[in-house]
Amino acid sequence: MPSLPRPTFSREVSLPARTGTVAAETDVLVVGGGPAGLGAALGAAQAGAHVVLAERYGFLGGNATVALVMPWMSFHTRRPRPPRLGDTSLMPSDHGEGEPVVAGKHIEVIERLIADGGARPPSPETGYTVPFDPEVFKVTALDLLDDAGVDYLMHAFASGVVDDAGRIAVVFETKSGPLVIRAEVVVDGTGDGDVAAAAGADYEVGRDDGLVQPMTLMFRMAGFGHAEFAQYVSDNPDQWRSVHGLWDLVAKATEAGELDLPREDILFFATPHEGEIAVNSTRVTNVLGIDTWDLTMAEAVSRHQVRQIEAFLRRYVPGFERSYVVDTGTAIGVRETRRVVGKYQLTGDDILQARKFDDVIARGTYPVDIHNPEGKGTVLRSVPPDEAYDIPLRCLQPQGADRVLTAGRCISGTHEAHSSYRVTPTAMATGQAAGVCATLALRQGVAPRSVDVRAVQHELVRQGANLRDVV
Ligand SMILES: Cc1cc2nc3c(=O)[nH]c(=O)nc-3n(C[C@H](O)[C@H](O)[C@H](O)COP(=O)(O)OP(=O)(O)OC[C@H]3O[C@@H](n4cnc5c(N)ncnc54)[C@H](O)[C@@H]3O)c2cc1C
């Protein structure tokens, strides 16, 4: 692969000292416009803060738009049901169906998306997931920020943090040169914990051996013939289970040298549009999303995988003969990078036991779902039926960074726990909680880590969040 090789020895150049233009002074700065950042900005604004949101790309939505990650996973409790071999619904069949446990801003966003014609509501038909159109989501997200009075800045990459006379200042690299935004509290919604790490917070990466979940470049295919595919599945009921399968065809194409993937099956989901699917089947292992050389290699490898998968589907799988790739993610999807260590680290056991905490600020039901960091296989372990786990406020309060809160996939937890709380609905819920916590810390005149938890819970419930019956 002729990408720029990683330097084999370290040679450094001193850079000139510089100044940055102060672009804004605000109560709460949210860095990152993904599900968590959006939840944080909307939650903080409703709690009464002046909010600025800064995002590195030219649109909002994070993985949901940047990486075409869809659908919104189910946020309902699980009702046990035997696996359905040969189900052609293209929606997950083994979770969901029970009570919804994530509400608040997450539901407001979904309702707005549905009203804008960009999503289908969760129902038995959708497997309780929310299939959505990323192009509609980009505009809906802008409208939601506008309505909430949140100021935003795009094309702004957060590269550093400066302690600024009792406030925190985040430095952004932009086409207009270095810009600085000063804030009382910053919510890190970068997914990667970029701001928390720059502010000196402790963090962990990966499992014990440091490996993280693989990256995946998702893509959408149009021209898909669902009826022909359903006929194939009905003739070969052991070859498709809900949203994945085609094991024999994958093996055949692999043997013929036409497919070379570190996974044993193909995974795809319905979108809101007829004849269209979202394919989640590329896999690049042994790479880290906060390493530029790894990212470069992963983008190149996954794009070649897309080409192979498209050819495989067209050649081998009934219903795909006239299908074609309409778009791929703007960037490869990164599942896991830094997990910023907070006052508490959520564990896999907390999730699988559906543990409850007095300082609950969000809830989750999605299974432990670990795509093998080394190759084939995926570990799926469910939350008990009709149950949900709590996420405590302490998971959002980093050790070692006073004016920063984390939200979304970079909150405090183990590798196993992260594989569950990383999904879109939960990320948005922890985002809303971080935004509310930031605002109340300001109002109470305390550091975010010392905020009155009950007050945060009361405000979250006032904003429609589902915290079971804790307040
Ligand atoms: C391949 C893949 C498939 C998945 N499948 C599903 C699924 O089917 N359903 C589901 O619900 N979830 C799924 N997930 C999980 C889910 O997409 C993410 O974990 C979720 O988007 C996390 O939200 P977030 O806001 O924490 O982070 P992100 O979505 O990563 O958003 C972070 C935002 O911060 C911005 N940013 C990052 N660094 C900086 C910086 N330094 N300065 C400024 N801005 C910055 C980014 O551009 C981005 O907009 C999947 C994830 C992947 C990668």
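The coordinates are above.
Nothing here was measured: the structure is a model prediction, and the numbers come from that model. The residue numbering used here restarts from 1 in each chain and proceeds along that chain's sequence as written. Reporting in this predicted model follows two pLDDT cut-offs: at least 70 for local features of residues, and 80 or more for side-chain atom pairs to be given and counted; totals over whole chains, interfaces and linings ignore these cut-offs and use all residues. No hydrogens and no water enter the side-chain calculation; it runs on all heavy atoms of the structure.

J.: Even after reading the chapter, I still don't get the nonpolar core, so can you show me in this structure?
T.: Side chains of nonpolar character tend, in soluble globular proteins, to be buried together. Core analysis: the largest hydrophobic core is formed by 74 residues, its most contacted members being W72, F137, L346, I361, I391 and V456. We count a stretch as a helix when DSSP gives it H or I for four or more residues in a row; a strand needs E for two or more, and each element gets its number in order from the N terminus. Looking at which element gives the most residues to this core, the answer is helix α11 (residues 424-444), with 10 residues. Residue contacts follow a heavy-atom distance rule, with two residues in contact if any of their heavy atoms lie within 4.5 Å. Residues contacting L346, with those up to four places away along its chain left out, are I351, F357, Y389, D390, I391, P392, C395, S412, G413, T414, A417 and Y421. Core analysis: the next-biggest nonpolar cluster, separate from the first, contains 34 residues, L90, M91, L249 and I277 among them. Take the buried residues of types Ala, Val, Leu, Ile, Met, Phe, Trp, Tyr and Cys, join any two whose side-chain atoms come within 4.5 Å, and each joined set is a nonpolar core. Only protein chains enter the accessibility calculation, which uses a 1.4 Å probe. A residue is then buried if its area is under 20% of the maximum for its type, exposed if over 50%, and partly exposed in between.

J.: I would appreciate a short explanation of the site of the ligand in the present structure.
T.: Being near a molecule or strand, for a residue, means having at least one of its heavy atoms within 4 Å of it. Near the ligand there are 35 residues, and of these E55, N63, P71, D194 and R422 occur at the shortest range. A distance of 3.3 Å separates an oxygen atom of the ligand from a polar backbone atom of P35. Interatomic distance of 2.6 Å between a backbone N/O atom of P71 and a nitrogen atom of the ligand. Burial of the ligand by the protein chains amounts to 98% of its free accessible area of 1000 Å². Elements supplying a minimum of two residues to the shell around the ligand: α1 (35-46), β6 (157-164) and α11. Of the residues forming the shell around the ligand, the biggest block, three residues, is contributed by α11. Grouping the constituent residues of the shell around the ligand by class yields 16 nonpolar, 13 polar and six charged. Pairs of N or O atoms are called polar contacts if they sit within 3.5 Å, as long as, within protein, a hydrogen donor faces a hydrogen acceptor (for residues adjacent in sequence, only side-chain-to-side-chain pairs). Only the protein chains shown count as cover for residues, and all accessible areas are computed by the Shrake-Rupley method using a 1.4 Å probe. Amino acids are sorted into nonpolar (Ala, Val, Leu, Ile, Met, Phe, Trp, Tyr, Cys and Pro), charged (Asp, Glu, Lys and Arg) and polar (every other residue, Gly among them).

J.: Mind showing me how you'd approach the pairing of strand β13 (residues 266-270) here?
T.: The side chains of a regular strand alternate between the sheet's two faces. The element β13 is largely enclosed, with a buried count of five among its five residues. Between any two strands, at least two bridges found by DSSP are needed for them to pair. The sheet contact formed by strand β12 (residues 244-245) and β13 spans two bridges and is antiparallel. Each residue of the ladder has a partner; that of G245, found in β13, is I266. As paired elements, β13 and strand β14 (residues 276-279) share three bridges and run antiparallel to each other. Bridge pairing in β14 places F269 opposite A278. Where β13 hands over to β14, the hairpin turn is made up of five residues, of which G275 adopts a positive phi near 70°.

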